[in-house]
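Here are the chains, one letter per residue:
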Amino acid sequence: MSSYHVDENGFYGEFGGAFIPEMLYPNVEELRTCYLDILADPAFQAEFRQLLSDYVGRPTPLYYSVRLSEKYGSKIYLKREDLCHTGAHKVNNTIGQILLAKRLGKTRIIAETGAGQHGVATATVCALMGLPCVVYMGAVDIARQAPNVARMKLLGAEVRAATSGSRTLKDATNEAIRDWINNPVDTHYIIGSVVGPHPYPDMVARFQSVISEEIQSQLQEAEGRPDPDYLIACVGGGSNAAGAYYHYLDRPDVKILAAEAAGKGVDTGESAATSALGRVGIIHASKTLLMQTDDGQITEPYSISAGLDYPGVGPLHAHLFATGRATFIPVTDAEAMQAGRELAELEGIIPAIETSHALALLAMGSVPKGSLAVINLSGRGDKDLQTYIDYFKLA
Ligand SMILES: *Cc1c(COP(=O)(O)O)cnc(C)c1O
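For clarity, every value in this text was computed on a predicted model and none was experimentally measured.

A. A look at the overall build of the chain. Each helix and strand counted, the chain has 16 helices and 14 strands in total. Relative to its length of 395 residues, the chain is compact, with a C-alpha radius of gyration of 19 Å against a globular reference of 21 Å. Summarising its shape, the C-alpha atoms of the chain cover approximately 55 × 45 × 40 Å along the three principal directions. Evaluated residue by residue, the chain yields a buried proportion of 58% over its 395 residues. Excluding contacts between residues fewer than 6 apart, the proportion of contacts in the chain whose partners are at least 24 apart in sequence is 73%. Looking at the chain, you have 33 positive and 45 negative side-chain charges, and the mean spots of the two groups are 3 Å apart.

Here it is, written out as structure tokens:
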């Protein structure tokens, strides 16, 4: 039987693993040996489910989008992760990881963040649980993402600037790893997507899999069948996509589409289309597809959307790409921005620009007429208002 889930060594096909420095081994090994038992514990599941319901606001609606459906001649449903507390799917994972950290007896939380969305989701759950929180963020990103820095501070987190290298996400990640090496006993490192060393990709996918679990029962109720013809999500690191795909991976009749950020165009040198441009390499301690130069230096990615601006992709997605289980489609800034505006005008929903990449597949003709499609609406666009204003000259 083919399976797209992780094997016991932490691999998805040839991708994944835990390529960590020796000094990180005890931390990662503790997590690896404990996470499945903790997740399987009914008391853990009860607490996780309760918080997802009462704090996050789950289940999120599966909304039948009448006007989009009319326009594109298909039945189109939107999975409303934008209605989660903090405005996106990321909190599903941070709730799960902080509960896990407590079970492991950890008393301090660290995280890395690029655009600040994962930092905010982490600071939120640390406030909820009364745990101190340090978020590492590149100095360049701190300057670009001032509102999220303010949110994290208001939530009681300490934001530490990474001042080496390009002073962006990759450097923040290095600082977080250094911190974890120095504080192996009391600290848990909350990674924000299905990336990093095993068991993170699998653990984060399991926490996010509540999305596909809900889609199955909601679609059953609405349409009398659990499976859509097409299932669509945007992929940065890949956590909202992994959650939306999870329970459908071994159901081959469900066609899986992944929208990745082409930036100004795949061949312009200003892109983040990892499946189109990447080669096998190691990033964040995981073997995966990675944008790199001929001599293996990581290429600086570009996308108008900060959340998709990542030079790699999680190992599950590299495997879905390599096996053909998912079709990866590059979407430019311009295509995404038009799709975001279209959803705002047709449905009264302003999507995150990350999400707009997934929505763009409709206008690009990736969904044949007459199909039943579910699009994961990963987040809301309030954080992106200034980008929309500048792009469409709305002010
Ligand atoms: C962070 C983010 C993404 C990209 O991250 P994934 O791990 O690929 O899901 C997508 N959409 C929204 C709204 C985000 O905040």
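B. Representation of the sheet that holds strand 9 (residues 230-234) within the structure. The six strands lie next to each other as 3-4-14-9-10-13, forming an open sheet whose pairing is mixed. The two strands at the open ends of the sheet, each matched to only one other strand, are strand 3 (62-64) and strand 13 (326-332). Between one strand axis and the next, the sheet turns by 25° as a mean value, whatever way the strands run. With three bridges joining them, strand 3 and strand 4 (residues 75-80) adopt antiparallel strand pairing. Looking across to strand 4, one finds that Y63 is bridged to L78.

C. Region of interest: the sheet that holds strand 6 (residues 133-138). Reading across the sheet, the four strands line up as 7-6-5-8 and stay open at both edges, with parallel pairing between neighbours. Pairing within the sheet leaves two strands with one partner each, and these edge strands are strand 7 (158-162) and strand 8 (187-190). Within the sheet, the average angular offset between the axes of one strand and its neighbour, ignoring direction, is 25°. In this structure, strand 5 (residues 108-113) lies alongside strand 6, joined through five bridges in parallel fashion. By the bridge assignment, E112 is partnered in strand 6 with Y136. Docked against the sheet, helix 4 (residues 90-103) engages strand 5 and strand 8, running at close to 165° with respect to strand 8.

D. Examining helix 15 (residues 353-363) more closely. In terms of burial, helix 15 is a largely internal element, 10 of the 11 residues being buried. Looking at helix 15, one finds that the buried residues are I353, E354, T355, S356, H357, A358, L359, A360, L361 and L362.

What counts as what
The numbering scheme is per chain: residues are counted from 1 as the chain's sequence reads. Two thresholds apply to this predicted model, a pLDDT of at least 70 for residue-level local features and 80 or more for giving and counting side-chain atom pairs, whereas whole-chain, interface and lining totals are computed over all residues. Where side-chain values are given, they derive from all heavy atoms of the structure, hydrogens and water being excluded. Strands are runs of DSSP state E lasting at least 2 residues, helices are runs of H or I lasting at least 4, and numbering of each runs from the N terminus. To get the radius of gyration, use the C-alpha atoms; to get the globule rule, take the number of residues to the power 0.38 and multiply by 2.2 Å. With a 1.4 Å probe rolled over the protein chains alone, any residue whose accessible area is under 20% of its type maximum counts as buried; one over 50% counts as exposed, and the rest are partly exposed. Whether two residues are in contact is decided by their heavy atoms: any pair within 4.5 Å suffices. Under the convention used here, Asp and Glu are negative, Lys and Arg are positive, and both His and the chain ends fall outside the count. Lys charges are placed at NZ, Arg charges at CZ, Asp charges at CG and Glu charges at CD. Here, any two strands with at least 2 DSSP bridges between them count as paired. Every axis corresponds to a line fitted to the C-alpha atoms, with the helix fit spanning only the stretch in contact, and the corresponding angles, defined between N-to-C directions, vary from 0 to 180 degrees.

Geometry only, nothing functional implied.
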